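Residue-level structure breakdown
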Amino acid sequence: MLKIDNLNVNYGKKEILDSINLEFYPSEIIGLVAPNGAGKTTLLRTVSGLIKPKSGQILIDNLSRSEDRKAYYKKIYFVESNQTLYPNLSGMDHLKYVKASWDSPVEIENVIKRLGIIEYVNRPIKKLSLGMKQHILMAMCIVSNADVILLDEPMNGLDPTSIKKISSYLKKMKQDEKTILFSSHILSNIDAITDKIIFLKDKQVAYFLDKNKENLSSEDMYEQLYNMEVEI
């Protein structure tokens, strides 16, 4: 379980997130929605440990960073963007690094076959298309075997075929009892694959949509909360 308890985050004197309280469970896909600059990436980076909160606590299976930093980080895998890939290394190099760093029992060859990336996994990252890079990033998530997967705009810039493939990967990871939290502006995709959706506004959770309990569209909620047209 991922628990965010009374989280407050500042950049210098500027308050970015205020009193965030959330709980997520295994086998859940959670969408994170807000206009640019509303704190989506800050929330993901704080949960991942890249940003230290001003106050509050983040727990994964009742484990905090302060109690056991190494164990906490092995429970998380964060995909910030394909810019975090090393251009001169191959996809295989990245997968081997993740397997070793997370001490994962997952077999790399099985993941390569499952995702259908065998044709380009040994090419340098700099020679891959955006879609191929995103598939490598998803393979890295799976190889890590982390309990909590954090993704910042994983569908950004992808064609419909790649979006469908990435969505399928996320659903399979859900079946493997992972907790998946991802941000996106593509609300039709958010609606299609998530169990819950968080809307951020004015530094706080403006609405928490549990799709098991409410039959609401994220597109309608977006327009109501932000008075903006949505990206479909």
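Quick notes on the rules
- For every chain, the first residue of its written sequence is number 1, and the numbers climb from 1 along that sequence.
- Local features are withheld for residues below a pLDDT of 70 in this predicted model, meaning they are given only at 70 or higher, and side-chain atom pairs are given and counted only at 80 or more; totals for whole chains, interfaces and linings count all residues.
- To get the side-chain values, take all heavy atoms of the structure and skip hydrogens and water.
- Numbered from the N terminus, helices here are DSSP runs of H or I no shorter than four residues, and strands are runs of E no shorter than two.
- Atoms counted for the radius of gyration: C-alpha only. Globule rule: 2.2 Å times the number of residues to the power 0.38.
- Relative accessibility thresholds used throughout: buried, under 20% of the residue-type maximum; exposed, over 50%; partly exposed, between the two (1.4 Å probe, protein chains only).
- In these tables, accessible area is a Shrake-Rupley quantity obtained with a 1.4 Å probe, and a residue counts as shielded only by the protein chains included in the view.
- One bridge is not enough; two strands pair if DSSP finds at least two bridges between them.
- Axis lines are fitted through C-alpha atoms, for helices just across the contact stretch, and the angle between N-to-C directions can take any value from 0 to 180 degrees.
- We call two residues in contact whenever any of their non-hydrogen atoms come within 4.5 Å of each other.
- Working convention for charge: Lys and Arg count positive, Asp and Glu count negative, and His plus the chain ends are omitted.
- Here a salt bridge means any side-chain nitrogen of Lys or Arg lying within 4 Å of a carboxyl oxygen belonging to Asp or Glu.
- Pairs of N or O atoms are called polar contacts if they sit within 3.5 Å, as long as, within protein, a hydrogen donor faces a hydrogen acceptor (for residues adjacent in sequence, only side-chain-to-side-chain pairs).
- How sure the predictor is of each residue is captured by pLDDT, a score from 0 to 100.

1. Notes on the overall build of the chain
The helix and strand inventory of the chain stands at eight helices and nine strands. Here the C-alpha atoms of the chain give a radius of gyration of 17 Å, agreeing with the 17 Å that 2.2 N^0.38 yields for 232 residues. Dimensions along the principal axes, computed over C-alpha positions, put the chain at roughly 45 × 40 × 35 Å. The buried share of the chain, taken over its 232 residues, is 52%. With an accessible surface of roughly 11500 Å², the chain has 46% of that area assigned to carbon and sulfur atoms.

2. A word on the sheet that holds strand β1 (residues 2-11)
Here we have three strands laid out as an open sheet, ordered β2-β1-β4, and antiparallel in their pairing. The open sheet is flanked by β2 (14-24) and β4 (55-60), the only strands paired with a single partner. Strand-to-strand twist in this sheet, taken as the mean axis angle between neighbours without regard to direction, amounts to 20°. Where β1 lies against β2, seven bridges are found, and the strand directions are antiparallel. Pairing of L2 across the sheet is with F24, part of β2. Taken strand by strand, helix α1 (residues 40-48) contacts β1, β2 and β4, and its axis lies near 115° from that of β1.

3. Points about the side chain of K178
For K178, the position within the fold is in the loop between α6 (160-175) and β7 (179-183). The charged side chain of K178 is buried without a salt bridge, its nearest counter-charge being D147 at 4.2 Å. Here the side chain of K178 touches N145 through a polar contact of 3.1 Å, side chain to side chain. Sequence-distant contacts of K178, that is, excluding residues within four places in its chain, are made with P26, S27, E28, N145, A146, D147 and M173.

4. Re the confidence of the model for the chain
In the predicted model, the chain carries a mean pLDDT of 91, and the fraction of residues at 70 or more is 97%. The least confident element of the chain is helix α8 (residues 218-226), whose mean pLDDT is 87; the most confident is helix α3 (residues 91-101), at 97.

5. Considering the sheet that holds strand β8 (residues 196-201)
Strand order in the open sheet formed by six strands is β5-β6-β7-β3-β8-β9, and the pairing between neighbours is mixed. One side of each edge strand has no neighbouring strand; the edge strands of this open sheet are β5 (76-79) and β9 (204-210). For this sheet, the mean angle separating the axes of adjacent strands, direction not counted, is 15°. Examined bridge by bridge, β8 and β9 share six bridges and lie antiparallel to one another. Looking across to β9, one finds that L200 is bridged to V205. Taken strand by strand, helix α5 (residues 130-144) contacts β5 and β6 (148-152), and its axis lies near 175° from that of β5.

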